[in-house]
Amino acid sequence: MKTQIIEKFIEVFQQEPHSVYFSPGRINLIGEHTDYNEGFVMPGAINLGIYVAIAANGLPFSRIYSIDFDEEFSISLNSLAPKKGHWATYIMGVVSQLQQAGYPVKGFDMVFGGDLPVGAGLSSSAAIECAVGFSISSLFGFNIPKHSLIHYAQKAEHLFAGVQCGIMDQFTSVMGKKDHVIKLDCRDLSFDYFPLDLGVFQLLLVDTQVQHSLADSAYNRRRNECAEVVLMAQQNQVGVTSLRDLKLKHLDEIKPFIDRAVLDRGTYVIEENERVIKASEALKEGEIFKVGELMYATHEGLSRKYDVSCQELDFLVDQTKSLDYVIGSRMMGGGFGGCTINIIQKEKAGHFKEIIASAYLDKFGKSPKFYTISLGDGTREI
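A quick note: this is a predicted structure, and the numbers were derived from the prediction, not measured.

A. Layout of the overall build of the chain. Each helix and strand counted, the chain has eleven helices and twelve strands in total. Compactness check: the chain gives a C-alpha radius of gyration of 21 Å against a globular reference of 21 Å for 382 residues, within 12% of the reference. Considered along the principal axes of its C-alpha atoms, the chain spans approximately 60 × 55 × 40 Å. The proportion of buried residues among the 382 residues of the chain is 60%. A total of about 15,500 Å² of accessible surface is found on the chain, and carbon and sulfur atoms cover 48% of it. When the 37 positive and 47 negative side-chain charges of the chain are each reduced to one mean point, those points stand 2 Å apart.

B. Looking closely at the packing of helix H2 (residues 88-100) against helix H4 (residues 146-161). Axis separation between H2 and H4 bottoms out at 8 Å; the angle between their running directions is 120°. Taken together, the axis directions place H2 and H4 in an arrangement best described as oblique. The hand of the H2/H4 crossing is right-handed. Contact residues: H2 offers Thr89, Tyr90, Met92, Gly93, Val94, Ser96, Gln97 and Leu98, while H4 offers Tyr152, Lys155, Ala156, Glu157, Leu159, Phe160 and Ala161. Looking at the contact of H2 with H4 residue by residue, the classes come out as nine nonpolar, four polar and two charged.

C. Region of the structure containing the environment of glutamine 97. As for its placement among the helices and strands, glutamine 97 is situated in helix H2. Setting aside residues up to four positions removed in sequence, glutamine 97 forms contacts with Tyr152, Lys155, Ala156 and Leu159.

D. Representation of a negative patch on the surface within the structure. Where like charges cluster on the molecular surface, the negative patch consists of Glu274, Glu281, Glu285 and Glu287. Given the relative accessible area of 45%, glutamate 281 is considered partly exposed.

E. Looking closely at unusual backbone geometry. In this model, glutamine 14 sits at a positive phi of 55°, which is unusual for a non-glycine residue. Tracing the backbone shows glutamine 14 in the loop between helix H1 (2-13) and strand S1 (19-30). Assessed through its relative accessible area of 62%, glutamine 14 is described here as exposed. The phi torsion at leucine 189 lies on the positive side, around 65°, for a residue other than glycine. Mapped onto the fold, leucine 189 is located in the loop between strand S6 (180-185) and strand S7 (191-195).

F. Seen up close, the pattern of salt bridges. Summed over the entire model, instances satisfying the criterion amount to 16 salt bridges. Across the pair arginine 244 and aspartate 185 runs a salt bridge, and its minimum N-O distance is 2.8 Å. Here arginine 244 is found in the loop between helix H6 (217-233) and helix H7 (248-254), whereas its partner aspartate 185 is found in strand S6, with 59 residues between them in sequence. Assessed through its relative accessible area of 23%, arginine 244 is described here as partly exposed. Judged by relative accessible area, aspartate 185 falls into the buried class, the value being 8%. One salt bridge connects glutamate 271 with lysine 305, and the closest N-O pair in it is separated by 2.8 Å. You can see glutamate 271 sitting in helix H8 (residues 260-284) and its partner lysine 305 sitting in the loop between helix H9 (288-304) and helix H10 (311-320), a full 34 residues away along the chain. Judged by its relative accessible area of 22%, glutamate 271 falls in the partly exposed class. Several salt bridges share partner residues, and in doing so they unite Arg222, Glu225, Arg265 and Asp307 into one network.

G. Region of the structure containing the pairing of strand S8 (residues 201-207). Counted residue by residue, S8 has seven buried out of seven residues, so it is predominantly covered. Neither face of S8 is open: one carries Phe201, Leu203, Leu205 and Asp207, the other Gln202, Leu204 and Val206, and all of them are buried. Where S8 lies against strand S10 (residues 339-345), seven bridges are found, and the strand directions are antiparallel. Bridge pairing links leucine 203 to isoleucine 343 in S10. As defined by bridge partners, S8 adjoins strand S11 (residues 369-373) across five bridges and the pair is classed as antiparallel. The partner of leucine 204 across the bridge, within S11, is threonine 372.

H. Spatial organisation of H8. Here H8 spans 36 Å end to end across 25 residues, near enough to the 36 Å set by a 1.5 Å rise per residue. For H8, the N-terminal capping position is held by aspartate 259, with its side-chain oxygen 3.0 Å away from the main-chain nitrogen of alanine 261. Positive backbone phi, approximately 70°, marks glycine 286, located one or two places after H8.

I. Representation of the sheet that holds strand S9 (residues 326-332). Across the sheet, which stays open at both edges, the four strands sit in the order S9-S10-S8-S11 with antiparallel pairing between neighbours. Two strands bound the open sheet, and with one partner strand each, they are S9 and S11. Within the sheet, the average angular offset between the axes of one strand and its neighbour, ignoring direction, is 25°. With respect to the sheet, H10 is in contact with S8, S9 and S10, its orientation differing from that of S9 by roughly 175°.

J. Region of the structure containing the layout of surface pockets. Within this model, the second largest pocket holds a volume of roughly 170 Å³. At the level of secondary structure, the elements contributing two or more residues to the lining of the second largest pocket comprise S8 and S11. Looking at side-chain class alone, the lining of the second largest pocket contains six nonpolar, four polar and three charged residues.

About the thresholds
- Residues numbered from 1 in each chain as written.
- Predicted model: local features only at pLDDT ≥ 70, side-chain atom pairs only at ≥ 80, totals over all residues.
- Heavy atoms only, no water.
- Helix = DSSP H or I, 4+ residues; strand = E, 2+ residues; numbered from the N terminus.
- Rg over C-alpha atoms; globule rule 2.2 N^0.38 Å.
- Buried < 20%, exposed > 50% of the residue type's maximum accessible area, 1.4 Å probe, protein only.
- Areas by Shrake-Rupley, 256 points an atom, 1.4 Å probe, with all protein chains shown as cover.
- Lys, Arg positive; Asp, Glu negative; His and termini not counted.
- Charge placed at Lys NZ, Arg CZ, Asp CG, Glu CD.
- Axes fitted to C-alpha atoms, helices over the stretch in contact; angles between N-to-C directions.
- Parallel < 35°, antiparallel > 145°, perpendicular 65-115°, else oblique.
- Left-handed = near helix turned anticlockwise from the far one by under 90°.
- Contact = heavy atoms within 4.5 Å.
- Nonpolar A, V, L, I, M, F, W, Y, C, P; charged D, E, K, R; others polar.
- Patch = residues over 30% accessible without salt bridge, like charges linked within 9 Å, V, L, I, M, F, W, Y side chains within 5 Å.
- Salt bridge = Lys/Arg side-chain N within 4 Å of Asp/Glu carboxyl O.
- Pairing = 2+ DSSP bridges.
- Expected span 1.5 Å × (residues − 1).
- Polar contact = N/O pair within 3.5 Å; in protein donor to acceptor, adjacent residues only side chain to side chain.
- 1 Å grid on protein atoms, 1.4 Å probe; cavity = no way out; pocket = protein on both sides within 12 Å on 5 of 7 lines; lining within 4 Å.
- Points joined across faces, edges and corners; volume = space filled by probe spheres on them.

Everything listed here is a matter of coordinates, which is why it stays silent on function.
This is the structure we're talking about:
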């Protein structure tokens, strides 16, 4: 992929790139929809991601070429504005954040592409944002601290893409560590690395091929519902700023005054935070089967209480329950499509794919995709 990026850069811009950078996508082992509620998550950077080649061009504008979309797009550095539904929006959002932070971004040429499937819940948008921020910082010698780059990428998603995402995706893309997951406290960004020693097992993603857009109303509506629970709880509890501050007993107190579906959102988040803590304890003890049990419980909560699953995701998870070589499965990401994440025995991977593909084709008339992934390092020059 690096060679392809460099060759395309030379072809499009008639010069060699200054450098090439890689920013990974991410999986989330457990802890879904807790990040924007100041909770706990347990993600990891993966070996799939976005590659960026960049060079200064001495012009008052920047030229960007997307290999995946086979399209060039120019942006004026003096008038950056979102272009709804267009891939350049993510790049312009990051440039805008750097400018607002006082960094004098000058004209640059950029080619980017990757092996990270879009719409599969692997956080392709965060990978693009972090790759762009990191590459611009390096090109112009800004030496922007990693934590600042993470926040600029997140704000780009908020203000330009219109998605009120939490910090997890951008944090993982930048701070990932090979063969480790991260237990991240999304309130203060304190974190610990945990080795993910799967032994005879492996991580395998199954892509429903159902495309989802986190920019639609459903994602932001969940955020608003969580805020509604917090607002109601604040009437009885001092010092409550997010669902992170609440226990299930607190929800019992407001139960008569709040819609049942909205209460379920809060219940799920509180329970999911507890599952992340239990998963970290299980990893310390090497109890990978316990992690698998918690993953199934997470899916049940996402499907029944948080209501962000879909029939395809539920079907894939249900199919694994009769397979004794699968120890954990759940939907991953924002929901309404995308992937399930599964822990399965390595030697059974082929059998698993055959069974799942056949059942899925019979049920939905199309085939899923499979991604065998490993955990890798975060955003870096390559």
